[in-house]
Amino acid sequence: MFDVAVIGGSFAGLTAALQLGRASRSVLVIDAGAPRNRTSPGAHGAAGWDGRPPAEILARFRADLAAYPTVALRAGTAEDVSGGPDGFEVRLAGGDRVAARRILLAHGQRDVLPPIPGVAEAWGRRVLHCPYCHGYEVKGAPLAVLALHPTAAHQALMLRADWSDRVTLYGAGPEGLDIAALEAAGVLADPRGVEAVRADDAGADLFLTGGGTARVGALFLAPRATLEGSPAARLGCAADEGPMGRFLRVGPMGQTSLPGVFAAGDLARPMPNINFALADGAQSGVACHASLLFPGFVPPLEIAA
Ligand SMILES: Cc1cc2nc3c(=O)[nH]c(=O)nc-3n(C[C@H](O)[C@H](O)[C@H](O)COP(=O)(O)OP(=O)(O)OC[C@H]3O[C@@H](n4cnc5c(N)ncnc54)[C@H](O)[C@@H]3O)c2cc1C
């Protein structure tokens, strides 16, 4: 019986495990090894690590954890979680089962990219989602935004304001996009959709419906994020609908609606960001520890009927 099973060993989960390891609590971190930004050559905006490859940052986190003998890391996928509130069983792919008194969910979200040829291959390099993460690297270049979703307007306006004076919104877009307001702000609107993307080291060629191509520094889009099939969804933690998809509802200490279950990182936030995941990991790790010491100290989140 571990004190805590952490499901997901990336920015949030490893930070939570560090807090718990420093309290000499027995922790098992189960990690499938696919952090959300794995395709990105460099993660930006995290002080001390700005621009370093995500895999390098996480390898360093794991190396730090090796100093704590009560923390074990296990490569694998948690397929199901049952039990509670003071004794859970985690079933791993392959059939192994582990027991823990608390569950800390840190398995992130899964991005569902549009099925446009070339998009998956360029995701994180020339097809991007976040100006703060990658906008600086393409600053001043012609930029494209794909009108998949109402947040495309937000992306286009931000990029036009502070990253480039050549921003084009492609596609007829979802209902409710205020094209006139975008044009008034200096965004070009082109109703042609993007049928394929071919990226290289310097930018990307967009192949447009009806013929024609456009050369851009990057294409921005907002994929749908999903928790479908995840341990959080299987457990039935309360969740809210965000602009990009569902995310877990958590209290200020990272407690979910289920007693004994905590959550941290992207799976409990509408906006993905490493710094937020680190902060959440620290908070949930500490709260999880407090809940082991002082039963009732961290009550589960109350959900109004
Ligand atoms: C392309 C891209 C680039 C990005 N660039 C930046 C950036 O530059 N700066 C920034 O601040 N943010 C960036 N982000 C956001 C950042 O990646 C996330 O905020 C961050 O990874 C969240 O950390 P996390 O620990 O919550 O989840 P993740 O990093 O997604 O880690 C979740 C971990 O859980 C594992 N897992 C999933 N399911 C299971 C399971 N059932 N069992 C066991 N393990 C499981 C996964 O394999 C993964 O290792 C980017 C996102 C994307 C998509």
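Residues numbered from 1 in each chain as written. Predicted model: local features only at pLDDT ≥ 70, side-chain atom pairs only at ≥ 80, totals over all residues. Heavy atoms only, no water.

## Focus on helix α8 (residues 274-293)
Moving on, step 1. The terminal C-alpha atoms of α8, which comprises 20 residues, lie 29 Å apart, in line with the 28 Å expected from a rise of 1.5 Å per residue.
Moving on, step 2. Those residues of α8 that are buried are in contact with β1 (2-7), α1 (11-22), β6 (97-105) and β19 (261-263).
Moving on, step 3. For α8, the side-chain oxygen to backbone nitrogen distance between the N-cap and N275 is 2.7 Å, and the N-cap itself is N273. (Helix = DSSP H or I, 4+ residues; strand = E, 2+ residues; numbered from the N terminus. Expected span 1.5 Å × (residues − 1). Contact = heavy atoms within 4.5 Å. Polar contact = N/O pair within 3.5 Å; in protein donor to acceptor, adjacent residues only side chain to side chain.)

## Digging into the site of the ligand
Moving on, step 1. Around the ligand sit 34 residues, and of these S10, D31, A34, H44 and N273 come closest.
Moving on, step 2. Between the ligand and the protein, one listed contact pairs an oxygen atom with a backbone N or O atom of F11 at 3.2 Å.
Moving on, step 3. Burial of the ligand by the surrounding chains reaches 95%, relative to a free accessible area of 1,000 Å².
Moving on, step 4. Looking at the shell around the ligand, the elements that each hand over two or more residues are α1, β2 (27-31), α4 (131-134) and α8.
Moving on, step 5. For the shell around the ligand, the residue count by class is 16 nonpolar, 14 polar and four charged.
Moving on, step 6. The residues that make up the shell around the ligand include at least three from each of domain 1 (2-111 + 224-293) and domain 2 (114-220). (Near = heavy atom within 4 Å. Areas by Shrake-Rupley, 256 points an atom, 1.4 Å probe, with all protein chains shown as cover. Nonpolar A, V, L, I, M, F, W, Y, C, P; charged D, E, K, R; others polar. Domains from an automatic or database assignment.)

## What to know about the domain arrangement of the protein
Moving on, step 1. Here the protein is partitioned into domain 1 (2-111 + 224-293) and domain 2 (114-220).
Moving on, step 2. Inter-centroid distance (C-alpha atoms) of domain 1 to domain 2 is 32 Å.
Moving on, step 3. If you look at the interface, domain 1 gives 10 residues, while domain 2 gives 10 residues.
Moving on, step 4. Summing both sides of the interface, domain 1 and domain 2 together bury roughly 810 Å²; the carbon and sulfur share of this comes to 57%.
Moving on, step 5. On inspection of domain 1 and its partner domain 2, the count reaches zero salt bridges. (Buried area = accessible area lost by both parts, 1.4 Å probe. Salt bridge = Lys/Arg side-chain N within 4 Å of Asp/Glu carboxyl O.)

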